[in-house]
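# Summary of the model geometry
Chain by chain, the residues run as shown.
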Amino acid sequence: MNGWLTIGLLVVSNIFMTFAWYGHLKLQQAGVFTSNTPLYVVILVSWGIALLEYTCQVPANRMGYAGNGGAFTLMQLKVIQEVITLVVFTVFTVVFFRGESLHWNHFAAFVCLILAVYFVFK
C-alpha cells in the first residue's frame, strides 16, 4: 500500500509541477497573462503552484524510500518519478496544447523508458 500511495503522490506532484513549469504558456494563450505581464508575476504564480508540488513530492519520497521503511530504493524512486513526469507532460501537451502532436520517435522513447523501469527493478 505504501508503494501505491507513493506513486499516487508522485502523480499529483507531477501534475502541479507541469502546470507550474508550462501552465503559464497556456494562460498566455488564453489571455490570462499577456506579453506585457511582468515576468516576476508569472514566476510568483509558478512558485505558488510549485509549492503545491512540493507538498506532495517530499512526502512521497520520504515514505517511499526504503531507508525510511518504504517500498523503493532511491534509484527506483527517481526512475518512477521521471516516467511519471513524462507521462503527465505528454497528457498535458496533448490535452492543453492541441497543436502539439505525438510522433513515432516519442513512442520509441516511451518504450525505452519502460525498459528503464524494468531494468531498475531487476
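Coordinates for the structure precede this section.
### Some thoughts on the overall build of the chain
- In terms of helices and strands, the chain carries four helices and zero strands.
- Ordered by position from the N terminus, the helices and strands of the chain form the series α-α-α-α.
- Along the first, second and third principal axes, the C-alpha atoms of the chain reach 50 × 35 × 20 Å.
- By residue count, 28% of the 122 residues in the chain fall in the buried class.
- Working note: accessible area of the chain is about 8100 Å², and carbon and sulfur atoms make up 73% of it.

### With respect to the side chain of Glu53
- Positionally, Glu53 belongs in helix α2 (residues 39–64).
- Of the side chains bearing the opposite charge, Lys78 lies closest to the buried Glu53, which forms no salt bridge; the N-O distance is 9.2 Å.
- Once you skip the residues sitting within four places of it in the chain, Glu53 turns out to touch Ser13, Phe16 and Met17.

### So, the pattern of salt bridges
- Counted by the stated rule, this structure contains one salt bridge.
- The residue Lys78 makes a salt bridge to Glu82 at a minimum N-O spacing of 2.7 Å. Taken as a pair, Lys78 and Glu82 lie in helix α3 (residues 74–96) at a separation of four residues, close to a single helical turn.

### Section: the nonpolar core
- Core analysis: the largest hydrophobic core is formed by nine residues, namely Leu9, Leu10, Cys56, Ala60, Phe72, Leu77, Ile80, Ile84 and Val88.
- Sorting the residues of this core by element identifies α1 (2–29), α2 and α3 as the ones contributing at least two each.
- Sort the elements by how many residues they give to this core and α3 lands first, with four residues.
- Sequence-distant contacts of Ile84, that is, excluding residues within four places in its chain, are made with Ile7, Leu10, Val11 and Asn14.

### Section: the layout of surface pockets
- In this model, the largest pocket occupies a volume close to 210 Å³.
- Put simply, the parts of the chain that give the lining of the largest pocket at least two residues each are α3 and α4 (104–120).
- No other element matches α3, which puts five residues into the lining of the largest pocket.
- Here the lining of the largest pocket is built from residues that sort into six nonpolar, five polar and one charged.

Definitions and limits used
- Residues numbered from 1 in each chain as written.
- Predicted model: local features only at pLDDT ≥ 70, side-chain atom pairs only at ≥ 80, totals over all residues.
- Heavy atoms only, no water.
- Helix = DSSP H or I, 4+ residues; strand = E, 2+ residues; numbered from the N terminus.
- Buried < 20%, exposed > 50% of the residue type's maximum accessible area, 1.4 Å probe, protein only.
- Areas by Shrake-Rupley, 256 points an atom, 1.4 Å probe, with all protein chains shown as cover.
- Lys, Arg positive; Asp, Glu negative; His and termini not counted.
- Salt bridge = Lys/Arg side-chain N within 4 Å of Asp/Glu carboxyl O.
- Contact = heavy atoms within 4.5 Å.
- Core = buried A, V, L, I, M, F, W, Y, C linked by side-chain atoms within 4.5 Å.
- 1 Å grid on protein atoms, 1.4 Å probe; cavity = no way out; pocket = protein on both sides within 12 Å on 5 of 7 lines; lining within 4 Å.
- Points joined across faces, edges and corners; volume = space filled by probe spheres on them.
- Nonpolar A, V, L, I, M, F, W, Y, C, P; charged D, E, K, R; others polar.

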